[in-house]
Amino acid sequence: MALDNVSDAKFSRKAMKAEMLDPETELRLAYAWRDERDEAALHRLITAYMRLAISMASKFRRYGAPMNDLIQEASLGLMKAAEKFDPDRGVRFSTYAVWWIKASIQDHVMRNWSMVRTGSTSSQKSLFFNMRRVQARLEREAMQRGEELDQHQLLQRISSEIGVSMNDAEMMHGRLSGSDFSLNATQSTEDEGREWIDALEDDGAQAEHIVEHSHDTKQLRDWLLDAMGALNERERFIVRERKLLEQPRTLESLGDELGLSKERIRQLEAAAFQKMRKSLESQGEEVHAFLA
C-alpha cells in the first residue's frame, strides 16, 4: 500500500473515514484472508485499521522522520500483522497489530536517526525511545528534592529505571548527545582547506606493499624454477601435474599415462619434493627468512 505522491493530510482524512469493524466482521475477514487468501477481505481489514497505523506514526514525529515515511512504515507493519494474524488465538486484530506497527516504525526511525546506527537490540531500542523521557523525569524529580545529579549518577538511575546495563546507557547517551559530522567539511576555514575525508586511511593496498609483494612473488618463482631444474623430466612432469594445475591430477591417472602403479607415482612425487627441498635449502638463510 504505497503512499508515494499522496499527501499526508488527504491520506489521513480518507483513513479516518474508513469503517469501524465489529469483532464478528473482523473475525470473518481474518478467516477469509487466512484460509482463502481473499484479497478483498485483506484490503478491507487493513483499510479499517489504517487510522490506528497513522495514529501510532504521529507519535514518532519528534524523532525527525518525515510523517509520510512514518505512515509508510506503519502501513508496512500493519500489512505484516495481517499476514501473521491467527484469528484462532482469540485476540482482537488491533491488539495484535499494535506490536507490528510499532516495531516497523521503530526500526525505521533507528535506521535513519544517524549515519552511525544506534543499534537494534531490545535494550538499545528501549534506551533510544525512552532515555530522554526518563532522563527528563529524573532530573525534574531531583530538582524538586533539591538534589543535584552529575552525569554518572543520572546514567546510573536511567540504566536502573529502564533495566539496561550502565555501559549501554553511556553509549546511547553519547550517541544521542552528538550529531552527524560531514566528512566533506573542511578542516580549516581557508578556501583550500582539506576535507576530513582526505585524512581517512585508504583500506586498499598501499604502493609499497604492492611493490614488495611483486618482488617477493618473483623471488619465490625464481627459487622454485631453480628447484625444478634439479629434477629429471619425469619428476618435473609429476610435480607439474600434481601441484601446479588448477585441477591436480590423481595418482591413478598419472599412473595410467606413465604405465606405473599409484604407489610408484607417490614414491616418485615424494622423491621429487625431497630434491626440491634440498635445492631450496642450498639457497641459504635468505630462503629460511622468506618462508618463516
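Residues numbered from 1 in each chain as written. Predicted model: local features only at pLDDT ≥ 70, side-chain atom pairs only at ≥ 80, totals over all residues. Heavy atoms only, no water.

As a further point, take the nonpolar core. The biggest cluster of nonpolar side chains holds 33 residues, and the ones touching the most others in it are L70, L78, F93, I101 and I105. Going through the elements one at a time, α2 (23–36), α3 (39–48), α4 (50–58), α5 (67–84) and α6 (93–113) are the ones with two or more residues in this core. Not counting residues within four places of it along the chain, the set of residues in contact with F93 comprises E26, L45, Y49, L78, A81, A82 and F85. In this structure, M131, I158, V164 and M172 belong to the second largest nonpolar core, which totals nine residues. (Core = buried A, V, L, I, M, F, W, Y, C linked by side-chain atoms within 4.5 Å. Buried < 20%, exposed > 50% of the residue type's maximum accessible area, 1.4 Å probe, protein only. Helix = DSSP H or I, 4+ residues; strand = E, 2+ residues; numbered from the N terminus. Contact = heavy atoms within 4.5 Å.)

Two elements in contact, helix α11 (residues 233–243) and helix α12 (residues 251–258), have axes whose closest approach is 11 Å; the angle formed by their N-to-C orientations is 145°. Relative to α12, α11 is oriented so that their crossing is right-handed. Where α11 abuts α12, its residues R234, F237, I238, E241 and R242 lie against L251, L254, E257 and L258. Grouping the amino acids of the contact of α11 with α12 by side-chain chemistry returns five nonpolar, no polar and four charged. (Axes fitted to C-alpha atoms, helices over the stretch in contact; angles between N-to-C directions. Left-handed = near helix turned anticlockwise from the far one by under 90°. Nonpolar A, V, L, I, M, F, W, Y, C, P; charged D, E, K, R; others polar.)

In this structure the tally under the stated criterion is 16 salt bridges. Note that E257 and R249 form a salt bridge whose closest N and O atoms lie 2.6 Å from each other. Residue R249 is classed as partly exposed on the basis of its relative accessible area of 22%. The network of salt bridges with shared partners includes R34, D35, D86, D88 and R89. (Salt bridge = Lys/Arg side-chain N within 4 Å of Asp/Glu carboxyl O.)

Time to look at the environment of I46. Assignment of secondary structure puts I46 in helix α3. Spatially, the C-alpha atoms of I46 and A81 are 9.4 Å apart, while their sequence positions differ by 35 residues.

Turning our attention to the packing of α11 against helix α13 (residues 262–281). Running from N to C, α11 and α13 cross one another at 100°; their axes reach a closest spacing of 9 Å. Classified by the angle their axes make, α11 and α13 are roughly perpendicular. Where α11 abuts α13, its residues R234, E235, I238, V239, R242 and K243 lie against R264, I265, L268, E269, A272, F273, K275 and M276. A breakdown of the residues in the contact of α11 with α13 according to their chemical character gives seven nonpolar, no polar and seven charged. (Parallel < 35°, antiparallel > 145°, perpendicular 65-115°, else oblique.)

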